[in-house]
Amino acid sequence: MKIATWNVNSLRARADRVEGWLLRSGVDVLAIQETKCRDENFPWELFERNGYEVAHFGLNQWNGVAIASRVGLEDVERTFPDQPVFGKGGIEAEQEARAIGATCNGVRVWSLYVPNGRALDDEHMPYKLEWLATLNKHASEWLAQDPKAQIALVGDWNIAPLDEDVWDIEMFRTEGFTHVSEPEREAFRAFERSGFTDAARAYTPGPGVYTYWDYKQLRFPKKEGMRIDFILASPALEARVVGAHIDREERKGKGASDHAPVVVELADGA
DNA sequence: ATGGTGGGTTGCCCA
């Protein structure tokens, strides 16, 4: 069984590429981020005609997450429990479409689009950290209730956990960029302390291995990317991992997303 | 030459 995650940066703009990749890659479960649409204009047929069930959560032109599966799709949940809301108490506070969960062939999959902190001193940074801390609190409870649970927390984490996960860590530090700050990395490590493992890392060692390249400044041809998309596996799921890859071919050419798909292959489940 | 791209409910906001 293969599980993948991909920030497609608009599913409608990318429909042909997503369909082509779905057929070529042979993934059984695809978690999608940044669909950038509401249910009314979600391309349901794209998945159905290729044998995938699909669940989507999209409220407006921003964010939007989905899970497509050809091995079952049960117990769909939109937003995780207590998911923080930006601007809580403010007049504009409203939930964002950043998390959807579903059980696919015994694996509890969460497609996650972690908030972008925007800047170290921006109000979105504490929102991002609280969002991650709340998710981790629940994820650790899910594992405490069932240590054998197969859970995959997958998506665009908007964090580069290691120095080698960006092309020039000194520049990031000097410029005070997000994604590499200690609070963000600590929020990521907290998931590892809860028992989750980056399932692709061992099969895709760095340095210079990335999942995202900015459209601006010719970052892809210059090989200046960031590793920010992850499949975090619970212990029982990690035990099934037999391979992984990042499909950087999908970042090439006209009409590519700025993110590449990350794929993990699992041995048959117990 | 100190920018540069690409989405969306586009002439701004978001990444």
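Please refer to the structure placed before this passage.
Residues numbered from 1 in each chain as written. Chains lettered and ligands numbered in written order. Predicted model: local features only at pLDDT ≥ 70, side-chain atom pairs only at ≥ 80, totals over all residues. Heavy atoms only, no water.

1. Let's talk about the overall build of chain A
For chain A, the helix and strand inventory stands at 6 helices and 12 strands. Against the compact-globule benchmark of 18 Å for 270 residues, chain A has a radius of gyration of 17 Å, which places it among compact chains. Counting only C-alpha atoms, chain A reaches 50 × 45 × 40 Å along its principal axes. Here chain A holds 270 residues, and 56% of them are scored as buried. Looking at charge distribution, chain A has the averaged site of its 32 positive side-chain charges lying 4 Å from that of its 44 negative ones. (Helix = DSSP H or I, 4+ residues; strand = E, 2+ residues; numbered from the N terminus. Rg over C-alpha atoms; globule rule 2.2 N^0.38 Å. Buried < 20%, exposed > 50% of the residue type's maximum accessible area, 1.4 Å probe, protein only. Lys, Arg positive; Asp, Glu negative; His and termini not counted. Charge placed at Lys NZ, Arg CZ, Asp CG, Glu CD.)

2. A few points about the side chain of K128
Here K128 shows up in helix α3 (residues 124-145). Here K128 is in contact with V114, P115, G117, W157, N158, I159 and E184, once residues within four sequence places are set aside. (Contact = heavy atoms within 4.5 Å.)

3. Description of helix α1 (residues 15-25)
Those residues of α1 that sit buried are A15, R17, V18, E19, W21, L22 and S25. In the core, the buried residues of α1 are packed alongside β1 (2-7), β2 (29-33), α2 (44-48) and β12 (262-266). Directly after α1, the chain includes G26, whose backbone phi takes a positive value near 65 degrees.

4. Structural notes on the protein's contact with DNA strand B
Close to DNA strand B lie 16 residues; S10, R38, N60, R118 and Q217 are nearest. The sugar-phosphate portion of DNA strand B accounts for 60% of its atoms within 4 Å of the protein, the bases making up the rest. In this structure, a phosphate oxygen belonging to DNA strand B sits 3.4 Å away from a side-chain N or O atom of R12. At 3.2 Å from a base nitrogen of DNA strand B is found a side-chain nitrogen or oxygen belonging to Q61. Residue classes in the surface near DNA strand B are distributed as 4 nonpolar, 5 polar and 7 charged. (Near = heavy atom within 4 Å. Polar contact = N/O pair within 3.5 Å; in protein donor to acceptor, adjacent residues only side chain to side chain. Nonpolar A, V, L, I, M, F, W, Y, C, P; charged D, E, K, R; others polar.)

5. Observations regarding the pairing of β1
In terms of burial, β1 is largely enclosed, as 5 of its 6 residues are buried. Relative to β12, β1 is paired through 4 bridges, and the arrangement is antiparallel. By the bridge assignment for β12, I3 is matched with V264. Sheet topology note: the β1/β2 ladder contains 5 bridges and is parallel. When the bridges of β2 are listed, W6 appears paired with I32. (Pairing = 2+ DSSP bridges.)

6. As for the nonpolar core
Within the largest apolar cluster, 33 residues are counted, with the highest numbers of intra-cluster contacts made by V29, I67, V107, V109, V264 and L266. Sequence-distant contacts of I67, that is, excluding residues within four places in its chain, are made with V29, L30, E53, V54, A55, L73, I100, G101, A102, C104, V109 and S111. Residues F80, L153, A187 and L232 belong to the second largest nonpolar core, which totals 22 residues. (Core = buried A, V, L, I, M, F, W, Y, C linked by side-chain atoms within 4.5 Å.)

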